[in-house]
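Each chain, letter by letter, is given below.
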Amino acid sequence: MTAPPAITLRFDSGTLLLDGFVEGASEGATLPGCVWDPRVRRYRAPAWRYRELVTALTRMARAGTLSFTDEARGYNTLSVTHRAQRTPFEHQREAIAAWRAAGNRGVVVLPTGAGKSYVAEMAIALAQRSALVVAPTLDLMNQWYDVLVTAFGEKVGLLGGGYHEPGDLTVSTYDSAWMHMDRLGARWGLIIYDECHHLPGASFLGSAESAIAPFRLGLTATLERSDGREALLNDRVGAVVYSRGIKELAGDHLAEYSVETMMVDLTPEEAAAYSEHRETYRSFVSSEGIRMASPDGWARFLQASARSPEGRRALLSYQQQKRIALASQGKLEVLEGLLRQHSKDRTLIFTNDNDTVYAIARRFLIPAITHQTDVKERREVLERFNSGAYPAVVTSRVLNEGVNIPEARVAIVLSGTASVREHVQRLGRILRRQEGKTAILYEVITRGTAEEHQSGRRREHDAYR
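This report concerns the structure included in the present document. (Residues numbered from 1 in each chain as written. Predicted model: local features only at pLDDT ≥ 70, side-chain atom pairs only at ≥ 80, totals over all residues. Heavy atoms only, no water.)

Regarding the overall build of the protein
Keep this limit in mind: Runs of E in the DSSP output that reach at least two residues are strands. Runs of H or I that reach at least four are helices, and both are numbered from the N terminus. Partly exposed residues are those whose accessible area sits between 20% and 50% of the maximum for their type, while under 20% is buried and over 50% is exposed, using a 1.4 Å probe and protein chains only. A contact between two residues is defined here by any heavy atoms of the two lying within 4.5 Å. Here the Shrake-Rupley method, with its probe set to 1.4 Å, supplies the accessible areas, and only the displayed protein chains count as covering residues. For the purpose of charge, His is not counted, nor are the chain termini; Lys and Arg are scored as positive and Asp and Glu as negative. The atom standing in for a charge is NZ when the residue is Lys, CZ when it is Arg, CG when it is Asp and CD when it is Glu.
Of the regular secondary structure elements, the protein holds 17 helices and 19 strands. For the protein, the spread of C-alpha atoms along the three principal axes comes to 95 × 55 × 40 Å. For the protein, the residues scored as buried account for 52% of the 465 residues in total. A fraction of 71% describes how many contacts in the protein between residues 6 or more apart in sequence connect residues 24 or more apart. Only carbon and sulfur atoms are counted for the fraction: they give 48% of the accessible area of the protein, which is about 21200 Å². Counting 58 positive and 55 negative side-chain charges, the protein places the centres of these two groups 2 Å from one another.

This is how it looks when you write it as structure tokens:
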């Protein structure tokens, strides 16, 4: 009687190798994600299929068709104590229950300020496995470091910002996770992806695919992406297991709020220049047969604009008409009035580009934060904003997510993209609940420009209905 094959599962550079099967073995060929690799004469599978593979191999071992040894697992079982434990809010309790019911996998969608980090703390305490938290920015990485140290009182490792200290509890940036997961992908049993809408990017997704972690949690306030790639999270992290919106939590767990749209007109000079530039841009697009609303419209326009002097003029005209609409004189006059009206309120001013940020900063003597602002200066500006030393801050996109500014009560959106996510993120910046607080978001739109259409698109979220 032939002895059943002895199978060993190993982690190998972000993948899984199965020792013990011969080429064409029916058992190996039918295992989840496995394909024969002739270079090493082994079946190989993506690391993220680890949980399915272990389940299948264990079942086969119990049936006596093979023996199985797991040498891929490199993560530890922990016994950490949740020192910051408190009674969770109902939505936090429901979210963690839904995650557990889904096998400790899945995405939780909660608004900014609704306590997503505490859901993560509960997941770590329940899983008791080596855990990695992945965050999109260094600022958020540092915030998560403080959260985990406070919550568990354990040593917390860092990957990113000049640190390479993987441990049982670790915080990483998306960039560093992508760079190191082919070597460290067996190190953690639980991975938590903060702002997980970033993960489906072409490179970042590799960090999820190269990790074996059987337990995974995605956290976000706005899951949808313009490219639709959020669907890739279903396999790599899990489906959406729980979702609550801003309106559902406003008043109880978030500040009450209102949204006001203010329309401004171009000056005659601005209107003439806008029409001229828009006609140049639209005529070129039409002559090239480009549909800008199509998924590849923008890419085709950029390619065509590089091939001729007319194309380059069209691109410059596109940029000029956009600049006129997004930073019109009328918007600056409205901003001046709103700053006087809310002189005693902590106010955030959002624009679409850095040039407008710096122009506003100079005109109104308001501190600015852009991607060019160094870490120490940014921290100092936000600390002074929260303390009241600075009543207002102007920024482009870098404060859309991942900052803790509970004192902010007013947001003035002078310009932005058509992204629904961006608009919801900006609203979320002012919704941290405080006693007696009612937040207000002003959206300032230039009438008669493409911005009107973009405003309609980005206000499709339930929070604005």
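Focus: unusual backbone geometry
Backbone phi values are negative for most residues with the exception of glycine, while trans is the configuration of most peptide bonds. Despite not being glycine, Asn104 shows a phi value in the positive range, around 60°. With respect to the helices and strands, Asn104 occurs in the loop between α3 (90–101) and β6 (105–109). Overall, Asn104 belongs to the buried group, its relative accessible area being 15%. Even without being a glycine, Gln128 presents a positive backbone phi close to 50°. Mapped onto the elements of the fold, Gln128 is located in the loop between α4 (116–127) and β7 (131–135).

A few points about the pairing of strand β15 (residues 347–350)
To keep it simple, the criterion reads: At least two DSSP bridges between two strands are required for those strands to pair.
The alternating pattern of β15 places Thr347 and Ile349 on one face and Leu348 and Phe350 on the opposite face, and all of these are buried. Note that β15 and strand β17 (residues 392–395) share four bridges and pair parallel. Opposite Leu348, over in β17, you have Val393 as the bridge partner.

Some thoughts on helix α5 (residues 138–152)
The test is simple: By this rule the span expected of a helix is its residue count minus one, scaled by 1.5 Å.
The end-to-end C-alpha distance of α5, which contains 15 residues, comes to 21 Å, matching closely the 21 Å that a straight helix rising 1.5 Å per residue would cover. Listed as buried for α5 are Asp139, Leu140, Met141, Trp144, Leu148, Ala151 and Phe152. Count one or two residues on from α5 and you reach Gly153, which has phi positive near 60°.

Things to note about the pairing of β7
Most of β7 sits inside the fold, with five of its five residues counted as buried. The side-chain alternation of β7 yields two buried faces, one formed by Ala131, Val133 and Ala135 and the other by Leu132 and Val134. In this structure, β7 lies alongside strand β10 (residues 169–173), joined through five bridges in parallel fashion. For Val133, the partnering residue across the bridge sits in β10 and is Val171. In the sheet, β7 pairs with strand β11 (residues 190–194) via four bridges, with the strands oriented parallel. Bridging across to β11, Val133 finds its partner in Ile192.

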